[in-house]
Amino acid sequence: MDLIQLGPLDNSSARELLLKPFADMNLSFSKPEQIADQVLRFTGRLPHLLQFFCMTLMRLAIEGQMHTISVDQIEMFKQDFLVAQYFVNPVLTIEDPEVRFIGLLLLARGKRRFSLPDVRQIAGRAGLRMSFERVLDVCNDLVINNVLSWADGSYQIASEGLFFYAHQMNYLNEAVDEAYQILKHQRRVAGDELPEDA
């Protein structure tokens, strides 16, 4: 079977998925274009993130008896712990320790776009000797797990929200260290030692 390269929704489809259900529920945005741009960047136009963000926001609007959603309310909503967990959970639950470690490293770098040589170099600095084919496999796994997405022949962090929460929650150093220790243990068992510090 071939891997199908599914990317984010196109801009107009993503906007319709955001705006139409709110209009159908007689809910509006105070600044529709500004809010749409912000939400689409934040979710990376990934359908499941966009749907989750909108469903949760709609539920809060209905419970709070709001008819108009403002930019300030979107900003407050982004501080919700459950929303943060939903965005970061994909990278934390990757089963392959090497893929999880590299995903966390990429998030920690503070950069949002990566070529395959970039990823190979970052892995090399952490003591991982990887073939080009393995780097490609890891990056494709990170796409499947919604950590990266394809972008014009390279890779990028899948959503602004993932990047935001990864840095906002201040857990990256600990998560990277923990993932490295698990990977180091796995490599030791396999007879392939890693350096002491990544």
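Residues numbered from 1 in each chain as written. Predicted model: local features only at pLDDT ≥ 70, side-chain atom pairs only at ≥ 80, totals over all residues. Heavy atoms only, no water.

**Considerations on helix α8 (residues 132-144)**
Then comes step 1: Between its first and last C-alpha, α8 extends 18 Å over 13 residues, near the 18 Å set by a 1.5 Å rise per residue.
Then comes step 2: Those residues of α8 that fall on the buried side of the exposure criterion are Val 135, Val 138, Cys 139, Asn 140, Leu 142 and Val 143.
Then comes step 3: Buried residues in α8 make contact with α6 (97-108), α7 (116-125), β4 (148-151) and β5 (154-157).
Then comes step 4: Two residues or fewer past α8, Asn 146 is found with a positive phi of approximately 60 degrees. (Helix = DSSP H or I, 4+ residues; strand = E, 2+ residues; numbered from the N terminus. Expected span 1.5 Å × (residues − 1). Buried < 20%, exposed > 50% of the residue type's maximum accessible area, 1.4 Å probe, protein only. Contact = heavy atoms within 4.5 Å.)

**A word on the layout of surface pockets**
Then comes step 1: Here the largest pocket is characterised by a volume of approximately 220 Å³.
Then comes step 2: Along the walls of the largest pocket sit 15 residues, with Leu 40, Arg 41, Gly 44, Gln 156 and Glu 160 positioned nearest its centre.
Then comes step 3: Among the elements that take part in the lining of the largest pocket, helix α2 (residues 32-43) stands out by supplying 3 residues, more than any other. (1 Å grid on protein atoms, 1.4 Å probe; cavity = no way out; pocket = protein on both sides within 12 Å on 5 of 7 lines; lining within 4 Å. Points joined across faces, edges and corners; volume = space filled by probe spheres on them.)

**So, the environment of Ala 158**
Then comes step 1: Locating Ala 158 in the fold gives a position in the loop between β5 and α9 (160-168).
Then comes step 2: Between the alpha carbons of Ala 158 and Leu 142 there is a distance of 9.2 Å; along the sequence they are 16 residues apart.
Then comes step 3: Setting aside anything within four residues of it in sequence, one finds Ala 158 in contact with Thr 43, Gly 44, Leu 46, Asn 146, Val 147, Leu 148 and Ser 149.

**A short note on helix α3 (residues 47-63)**
Then comes step 1: Under the 1.5 Å per step criterion, the end-to-end length of α3 is 24 Å for 17 residues, consistent within 8% with the ideal 24 Å.
Then comes step 2: Every buried residue belonging to α3 is among Leu 49, Leu 50, Phe 52, Phe 53, Cys 54, Thr 56, Leu 57, Met 58 and Ala 61, and all of these are buried.
Then comes step 3: Buried residues along α3 sit in contact with α1 (11-24), β1 (28-29), α2, β2 (68-69), α4 (71-77) and α5 (81-92).
Then comes step 4: Positive phi appears at Gln 65, one or two residues downstream of α3, with a value of about 55 degrees.

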